[in-house]
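These are the residues of each chain, in order.
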Amino acid sequence: MVRIMVSSSKVNTMNASTAVATGTAIGIDIGGTKVMSALYNDKQQVHNLLRVETPDSADDFIDAIVAMCKKLMATDGEKPTCIGVSTAGTVDVNRGMILGATGNVPALQEHTNLKETLEKALGLPVYVENDANAAAYSEMKLGAAKGLRNVVMVTLGTGVGTGIIVNGKLLHGKNFVAGEGGHIALDMDRQRLCTCGRWDCWEAYASGSGLTLTVQQMLRAMPNAKQSRMMQGRDAIVDVTTYDLVEAFREEDVLAQEIMKVWHRHCGEGIGSLINVLDPEMIVIGGGLAKFVDLDLLKQEVLARAMVNDVDLAIAALGGNETGIVGAACLSLEHFSEQSV
Ligand SMILES: [Zn+2]
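Keep in mind the model is a prediction, meaning the values are calculated, not measured.

1. Re the overall build of the protein chain
Argument step 1. If you tally the helices and strands in the protein chain, you get ten helices and 14 strands.
Argument step 2. Radius of gyration (C-alpha) of the protein chain: 21 Å, near the 20 Å computed for a compact globule of 341 residues.
Argument step 3. Once the C-alpha set of the protein chain is aligned to its principal axes, its extents read approximately 65 × 45 × 35 Å.
Argument step 4. Residues classed as buried in the protein chain amount to 43% of the 341 residues present.
Argument step 5. Long-range pairs, those at least 24 residues apart, make up 64% of the contacts in the protein chain with a sequence separation of at least 6.

Laid out in structure tokens, this is it:
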């Protein structure tokens, strides 16, 4: 039995000046720990937000999504005409299928054909998109990059994701793996093995787990590590977390400052490479670690590596709760309204 949490808050995401397709869609955001859904309308409002913990069992997973959608479809006054899903994993957007499943959501290994499964169960057309792409799209539609058409969003979280928008359209590539920017190789001389099996991918340094490794590596190399605020209340270096780092950094711990500088350099390495390939109008930084980014410091590190004289960097404007829902719902409304023209 899956318990659905209901939030009654109505979020007005931004001023309505960007043209979007009309109507209402259900937006669904599938994450490793929770699945969220809400109604999203052409007044750019997200409302009736529902949330469940991501079920481990494949059947419970679909049951939970269907139950949430049925609840939203029964909302008085506002009838959704389509569904947009933002999910981890590589997505064939033409067929609405998960091609490369993610270990974070085991149920997706069994339910690869999300579009067909949900359309059969709910009777509404379904559009499925990768979560980093959906987030990038929502930032271009309503967030930090509103009004721009060439945007790269970098999501710094458990991993590093990128969503690439060229001339207002998401770049998917032939095999739908465009935007796997987290696997750009850094010049690190085989220090860290990435989850993909290759050495020294950007993700192995700039992600949360990459930063944790950097913290522990640098603490081990410091003779005075025990005096750092990061070690207060910790028995061993291996117990120190990114939160300890950030707290110590805010208290102006010298070692924490040094580590943060190195992390910004790691982030700058990948962003510099992305700029050299794509030369976007803006790079938007999102994900759980975005709040720890010092944009001035990052800009210095990026400019040292990019073949441009200036870069526009911004922190994502939409909250973590809405970004996948808004992106997926917008894409779904646009996709199905284009089809009906
Ligand atoms: Zn990799």
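2. Description of the nonpolar core
Argument step 1. Ranked by internal contacts, the top residues of the largest apolar core, which has 94 residues, are Ile83, Ala136 and Ala329.
Argument step 2. It is helix H8 (residues 254-278) that contributes the most residues to this core, nine residues altogether.
Argument step 3. The two domains that each donate at least three residues to this core are domain 1 (5-133) and domain 2 (147-315).
Argument step 4. Apart from the residues within four sequence positions on either side, alanine 136 is in contact with Val151, Met153, Gly163, Ile165 and Leu170.

3. Describing the domain arrangement of the protein chain
Argument step 1. Domain annotation of the protein chain identifies domain 1 (5-133) and domain 2 (147-315).
Argument step 2. Taking only C-alpha atoms, the centre of domain 1 and the centre of domain 2 are 28 Å apart.
Argument step 3. Going through the elements one at a time, strand E7 (90-92) and helix H4 (131-142) are the ones with two or more residues in the side of domain 1 that touches domain 2.
Argument step 4. No other element matches the three residues that E7 contributes to the side of domain 1 that touches domain 2.

4. A short note on helix H3 (residues 114-122)
Argument step 1. Of all the positions in H3, only Leu114, Lys115 and Leu118 are classed as buried. Angular distribution of buried residues about the axis of H3 spans 95°; they occupy a single face of the element.
Argument step 2. In the stretch just after H3, glycine 123 is the one whose phi turns positive, near 75°.

5. What about the pairing of strand E4 (residues 34-41)?
Regular strands show a simple pattern: their side chains alternate between the two faces of the sheet.
Argument step 1. By the criterion of burial, E4 is predominantly enclosed, with six of the eight residues buried.
Argument step 2. Note that strand E3 (residues 24-30) and E4 share seven bridges and pair antiparallel. Opposite glycine 27, over in E4, you have alanine 38 as the bridge partner.
Argument step 3. Hairpin connection from E3 to E4: three residues lie between these consecutive antiparallel strands.

6. Digging into the packing of helix H6 (residues 208-221) against H8
Argument step 1. Running from amino to carboxyl end, H6 crosses H8 at an angle of 135°, the nearest separation of the two axes being 10 Å. It follows from the interaxial angle that H6 and H8 lie oblique. The two elements H6 and H8 cross, and the hand of that crossing is right-handed. Here Leu211, Thr214, Val215 and Met218 of H6 lie close against H8, whose contacting residues are Glu258, Ile259, Val262 and Trp263.

7. Notes on H8
Argument step 1. Between the first and last C-alpha of H8 there are 36 Å, a value that for 25 residues agrees with the 36 Å anticipated at 1.5 Å per step.
Argument step 2. The positive-phi residue at the C-terminal boundary of H8 is aspartate 279, with phi of around 45°.

8. Considering the pairing of strand E6 (residues 82-87)
Argument step 1. The buried count for E6 comes to six of six residues, which makes it a mostly enclosed element.
Argument step 2. Burial along E6 is two-sided: Cys82, Gly84 and Ser86 facing one way and Ile83, Val85 and Thr87 facing the other are all buried.
Argument step 3. One ladder, built from six bridges, connects E3 with E6; its direction is parallel. Opposite aspartate 29, over in E6, you have serine 86 as the bridge partner.
Argument step 4. Where E6 and strand E9 (residues 126-130) come together, five bridges link them in parallel fashion. Paired with valine 85 across the strands is valine 128, a residue of E9.

9. Some details on the sheet that holds strand E14 (residues 313-315)
Argument step 1. Spatially, E12-E11-E10-E13-E14 is the arrangement adopted by the five strands of the open sheet, whose pairing is mixed. Of all strands in the sheet, those bounded by a partner on one side alone are strand E12 (169-170) and E14.
Argument step 2. Across the sheet, H8 touches strand E10 (151-156), strand E11 (160-166) and strand E13 (282-286), and the angle it forms with E10 is around 160°.

10. Things to note about unusual backbone geometry
Argument step 1. One non-glycine residue, asparagine 167, lies in positive phi territory at about 50°.
Argument step 2. Relative to the assigned elements, asparagine 167 resides in the loop between E11 and E12.
Argument step 3. Backbone geometry at aspartate 189 places phi at a positive 60°, although glycine is not the residue there.
Argument step 4. Position of aspartate 189 among the secondary structure elements: in the loop between E12 and helix H5 (203-206).

Conventions and cut-offs
- Residues numbered from 1 in each chain as written.
- Predicted model: local features only at pLDDT ≥ 70, side-chain atom pairs only at ≥ 80, totals over all residues.
- Helix = DSSP H or I, 4+ residues; strand = E, 2+ residues; numbered from the N terminus.
- Rg over C-alpha atoms; globule rule 2.2 N^0.38 Å.
- Buried ≥ 20, exposed ≤ 12 C-beta atoms within 10 Å, placed from the backbone.
- Contact = placed C-beta atoms within 7 Å.
- Core = buried A, V, L, I, M, F, W, Y, C linked by C-beta atoms within 7 Å.
- Domains from an automatic or database assignment.
- Arc of directions from axis to C-beta.
- Pairing = 2+ DSSP bridges.
- Axes fitted to C-alpha atoms, helices over the stretch in contact; angles between N-to-C directions.
- Parallel < 35°, antiparallel > 145°, perpendicular 65-115°, else oblique.
- Left-handed = near helix turned anticlockwise from the far one by under 90°.
- Expected span 1.5 Å × (residues − 1).

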